[in-house]
Amino acid sequence: MSWRTVVITTRCKLDLKMDYMVVRGEDTKRIFLDEIAMLLIENPAVSFTGCLLEALVEKKIRVVFCNEKRSPIAELAPYYGSYDCSRKIKAQIAWSETTKGTVWADIISEKIRKQSDFLKELKKEKEAELIRSYLGQIELYDTTNREGHAAKVYFNAVFGMGFTRSDECLTNAALNYGYGIMLSAFNREITACGYLTQLGIFHSNMFNYYNLSCDLMEPFRILVDRTVKNMELTSFESREKHALWNILNDYVYIGHTKQTVLNAIKLYLRSVFDALNDNDSSEIKFYFLQKEK
């Protein structure tokens, strides 16, 4: 099972030899492809061989490319992620509107529940209880926009009353970077399962290639929020970025088992797809920070 997040920060050439990625820079290193879950190319001066790119696609390794500011700008995405992707795409198109609305309401409820739990840890009891009260008001497809109301209360409580998500500041730079990492992980697993990231259950922006990923990652955003809050940012450089990448290697509990966040994403997504295909939202498995009692 792949588990490594590999970050390439310096100018080098990446090649393939005997199922190993060979990194040729000042030193030469080899990494077994089956161990790599994600590959982040932070330096635009990195070069690839075609045979390595082909192997990365075949192994379903998510490759993310950064610009000169070391911010993610593109991904390597295969055309096909599963042997039966045609069947799964037909099923995806046919998902019931009622089931999609119910699944979305459950996902948003879990997101708000986790936001409330985090606020309690921060001793923000009043705000935690306020957004938790929204749980009983969530309707099909969250037509009353309880998510939006909860987000305003939540972000002001976590990062200060003057904070907004549209500000150009270190906090938003870190949040956006962390959310981008999480989105990449979801893109990889959704594609590997054979579904289209473009077709969401709620998000439907015609210019968004990752509508479904944006839908399903919502409860996992809080893991990024926690990390950014604990950073107490005075700068946002390589050390902070690598801490955000390391979120995928942290441990959570899902289905009564301890898993890395990367594996939890895989188990969660499979349960969501089961719920959508079986018209039963109770099949969804959410993660927990502590073992369920």
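Everything here concerns the structure above.
This write-up is about the structure you can find in this document. (Residues numbered from 1 in each chain as written. Predicted model: local features only at pLDDT ≥ 70, side-chain atom pairs only at ≥ 80, totals over all residues. Heavy atoms only, no water.)

Let's shift gears to the packing of aromatic side chains. Following the criterion strictly, the structure yields 17 aromatic pairs and no others. Measuring from ring centre to ring centre gives 5.2 Å for tyrosine 154 and phenylalanine 155, while their planes differ by 70 degrees; the resulting arrangement is edge-to-face. Assessed through its relative accessible area of 0%, tyrosine 154 is described here as buried. Judged by its relative accessible area of 14%, phenylalanine 155 is buried. The structure contains a cluster of three or more aromatic residues connected by ring pairs, namely Phe186, Phe220, Tyr268, Phe286 and Tyr287. In this structure, lysine 114 is placed above the aromatic ring of phenylalanine 288, and the distance from its NZ or CZ to the ring centre is 5.3 Å. (Phe/Tyr/Trp six-rings, centres within 6.5 Å; stacked < 30°, edge-to-face > 60°. Buried < 20%, exposed > 50% of the residue type's maximum accessible area, 1.4 Å probe, protein only. Lys NZ or Arg CZ within 6 Å of the ring centre and 35° of its normal.)

Take the pattern of salt bridges next. Going through the model one piece at a time under the given rule, you end up with 17 salt bridges. For the salt bridge of aspartate 15 with arginine 24, the shortest nitrogen-to-oxygen distance reads 3.9 Å. Of the residues examined, aspartate 15 reaches a relative accessible area of 16% and is grouped as buried. With its nearest N and O atoms 2.9 Å apart, the salt bridge here joins aspartate 34 to lysine 59. Linking aspartate 34 in the loop between β4 (28-32) and β5 (36-41) with lysine 59 in the loop between α1 (50-58) and β7 (62-66), this pair joins segments that are 25 residues apart in sequence. We classify aspartate 34 as partly exposed; its relative accessible area is 36%. Looking at lysine 59, the relative accessible area reads 32%, which means it is partly exposed. One salt-bridge network, in which partners are shared between bridges, spans Lys111, Glu147, Glu218 and Arg221. (Salt bridge = Lys/Arg side-chain N within 4 Å of Asp/Glu carboxyl O. Helix = DSSP H or I, 4+ residues; strand = E, 2+ residues; numbered from the N terminus.)

What follows concerns the sheet that holds strand β3 (residues 20-24). Sheet strands line up and pair through hydrogen bonds in the backbone, either parallel or antiparallel. Strand order across the open sheet formed by four strands is β4-β3-β2-β6, with mixed pairing between neighbours. Because the sheet does not close on itself, it has two edges, and the strands there are β4 and β6 (47-48). Those strands touched by α1 are β2 (13-17), β3 and β6, and its axis lies near 70 degrees from that of β2. (Pairing = 2+ DSSP bridges. Contact = heavy atoms within 4.5 Å. Axes fitted to C-alpha atoms, helices over the stretch in contact; angles between N-to-C directions.)

Next up on the list: the packing of helix α6 (residues 170-192) against helix α8 (residues 221-231). Here α6 crosses α8 at 145 degrees, and the two axes come no closer than 9 Å. Handedness of the α6/α8 crossing: right-handed. The residues of α8 that touch α6, namely those facing Thr171, Ala174, Leu175, Gly178, Tyr179 and Met182, are Arg221, Leu223, Val224, Asp225 and Val228. Tallied by class, residues from the contact of α6 with α8 come to seven nonpolar, two polar and two charged. (Left-handed = near helix turned anticlockwise from the far one by under 90°. Nonpolar A, V, L, I, M, F, W, Y, C, P; charged D, E, K, R; others polar.)

Residues three or four positions apart in an α-helix share a direction because the helix packs 3.6 residues into each turn. Look at helix α3 (residues 97-121): 36 Å from first C-alpha to last across 25 residues, which is about the 36 Å you get at 1.5 Å a residue. At the N-terminal boundary of α3, the capping side chain belongs to serine 96, with an oxygen 3.2 Å from the backbone nitrogen of threonine 98. The positive-phi residue at the C-terminal boundary of α3 is lysine 123, with phi of around 65 degrees. (Expected span 1.5 Å × (residues − 1). Polar contact = N/O pair within 3.5 Å; in protein donor to acceptor, adjacent residues only side chain to side chain.)

Here helix α10 (residues 261-278) spans 25 Å end to end across 18 residues, near enough to the 26 Å set by a 1.5 Å rise per residue. With 13 of its 18 residues buried, α10 lies for the most part within the structure. Downstream of α10 by a residue or two, asparagine 279 has a phi angle that is positive, lying close to 55 degrees.

Right, let's talk about the side chain of serine 184 for a bit. With respect to the helices and strands, the residue serine 184 is situated in helix α6. Assessed through its relative accessible area of 4%, serine 184 is described here as buried.

Before going further, it helps to spend a moment on the sheet that holds β7. Spatial strand order, β1-β5-β7-β8: four strands in an open sheet with mixed pairing. The open sheet has two edge strands, β1 (4-8) and β8 (72-76), and neither has a second partner. Taking the axes of each pair of neighbouring strands and ignoring which way they run, one obtains an average angle of 20 degrees across the sheet. With four bridges connecting them, β7 and β8 associate as antiparallel partners. Within the sheet, the bridge partner assigned to valine 63 lies in β8 and is leucine 76.

Tracing the sequence through the fold places glutamate 75 in strand β8. For glutamate 75, the side chain forms a polar contact with the side chain of arginine 62, separated by 2.7 Å. Polar side-chain contacts of glutamate 75 include one of 2.8 Å to the side chain of serine 184. Ignoring any residue separated from it by four or fewer positions in sequence, one finds glutamate 75 in contact with Arg62, Val63, Val64, Phe65, Ser184, Asn187 and Tyr210.

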